[in-house]
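If you want the building blocks of each chain, they are given just below.
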Amino acid sequence: MLFPGGRLPLRIFETRYMDMAKACLKDGSPFGVCLIREGMEVGAPATPSDMGTLAKILTWDMPQLGLLHVTARGERLFRILERRVQPDGLARASIELLGEEADAAVPQSASRCVRLLERVIEEHPELLERPHRLDSCAWVSSRLAELLPLPLAAKQELLELDDARARLERLNALVRPD
């Protein structure tokens with residue numbers, strides 16, 4: 001699951017995704033990341049959720065022929081308007097870019113969420129890209145939603161919320177007191 005501002009490591013080996021990554025690298029274009037509603041990541045094209053995140057490739061490496069490692073960063077949320085599948089199996093879509101979500105300062109009641117992220121940053125600084133915006137409901141709630149071991153359907157619900165404070169309140173209810 002990828003939220004705006006988050007990072008997603010991917011291992012790409014299918015030809016359709018290699019071609020897509022090559023095109024994205026060539027012209028700097030983003031690609032869409034959506035939760036799969038039906039189907040699998042490999043093989044026949046899957047049916048995606050209607051809402052996802054545009055992602056741009058930050059880094060790439062090809063440690064062996066036929067295997068591409070990329071790290072992508074989440075950019076903007078989108079909604080799929082129309083979907084089609086190319087002959088090679090790559091899903092393409094006409095999308096609507098969604099507006100920026102409402103952000104707010106992190107309320108005192110959610111301070112344990114901030115403390116949890118501070119511990120993650122201290123113990124695993126490579127997990128979260130700087131700048132760390134620990135005062136932002138949008139940043140804190142997005143990073144927690146990515147990191148916490150929640151069911152994918154719950155993460156999708158959180159992604160679809162357009163109010164960062166509401167997302168943080170939901171996550172705060174799940175985080176146990178210190």
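Refer to the structure above for everything that follows.
Residues numbered from 1 in each chain as written. Predicted model: local features only at pLDDT ≥ 70, side-chain atom pairs only at ≥ 80, totals over all residues. Heavy atoms only, no water.

A. Structural detail: the layout of surface pockets. One number sums up the size of the largest pocket: a volume of about 1400 Å³. Around the largest pocket, the lining is made up of 45 residues, and of these Tyr17, Phe31, Gly32, Val33 and Cys34 lie nearest the centre. Sorting the residues of the lining of the largest pocket by element identifies β1 (7-12), α1 (15-27), β2 (31-38), β3 (47-64), β4 (67-85), β5 (91-97) and α4 (152-160) as the ones contributing at least two each. If you tally residues by element for the lining of the largest pocket, the top one is α1, at 7 residues. Taken together, the residues that form the lining of the largest pocket break down as 31 nonpolar, 5 polar and 9 charged. (1 Å grid on protein atoms, 1.4 Å probe; cavity = no way out; pocket = protein on both sides within 12 Å on 5 of 7 lines; lining within 4 Å. Points joined across faces, edges and corners; volume = space filled by probe spheres on them. Helix = DSSP H or I, 4+ residues; strand = E, 2+ residues; numbered from the N terminus. Nonpolar A, V, L, I, M, F, W, Y, C, P; charged D, E, K, R; others polar.)

B. The pattern of salt bridges, seen in detail. This model, assessed by the stated rule, comprises 10 salt bridges. Residue Arg79 pairs with Glu96 through a salt bridge whose shortest N-O separation is 3.9 Å. Pair noted here: Arg79 is in strand β4 and Glu96 is in strand β5, with a separation of 17 residues, a long-range link. Judged by its relative accessible area of 35%, Glu96 is partly exposed. One network of salt bridges, with partners in common, ties together Arg73, Glu75 and Glu129. (Salt bridge = Lys/Arg side-chain N within 4 Å of Asp/Glu carboxyl O. Buried < 20%, exposed > 50% of the residue type's maximum accessible area, 1.4 Å probe, protein only.)

C. Just helix α2 (residues 111-123), in detail. Taking 1.5 Å per residue, 13 residues should reach 18 Å; α2 reaches 18 Å between its end C-alpha atoms and fits that length. Within α2 the residues assigned to the buried category are Ser111, Cys113, Val114, Leu117, Val120 and Ile121. (Expected span 1.5 Å × (residues − 1).)

D. Quick look at a nonpolar patch on the surface. Among the surface-exposed residues, Leu25, Trp60, Met62 and Leu65 lie close enough to one another that they form a single nonpolar patch of about 470 Å² accessible area. Relative to the elements of secondary structure, Leu25 occurs in helix α1. (Patch = residues over 30% accessible without salt bridge, like charges linked within 9 Å, V, L, I, M, F, W, Y side chains within 5 Å. Areas by Shrake-Rupley, 256 points an atom, 1.4 Å probe, with all protein chains shown as cover.)

E. Layout of the environment of Leu65. If you trace the backbone, Leu65 turns up in the loop between β3 and β4. Counting along the chain gives 48 residues from Leu65 to Cys113, while the straight-line C-alpha distance between them is 42 Å.

F. The nonpolar core, seen in detail. Judged by nonpolar contacts, the single largest core of 27 residues is most densely connected at Val106, Val140, Leu144, Leu158, Leu168 and Leu171. The element best represented in this core is helix α3 (residues 137-147), accounting for 6 residues. Once residues lying within four places of it in the same chain are set aside, the contact partners of Leu158 are Phe3, Ala145, Leu150, Arg167, Arg170 and Leu171. (Core = buried A, V, L, I, M, F, W, Y, C linked by side-chain atoms within 4.5 Å. Contact = heavy atoms within 4.5 Å.)

G. Region of the structure containing α4. When α4 is considered as a whole, its buried residues turn out to be Lys155, Gln156, Leu158 and Leu159. One side of α4 holds all its buried residues, which, seen down the axis, span an arc of 160 degrees. Where the residues of α4 are buried, they touch β2, β3, β4, α3 and α5 (164-174). (Arc of directions from axis to C-beta.)

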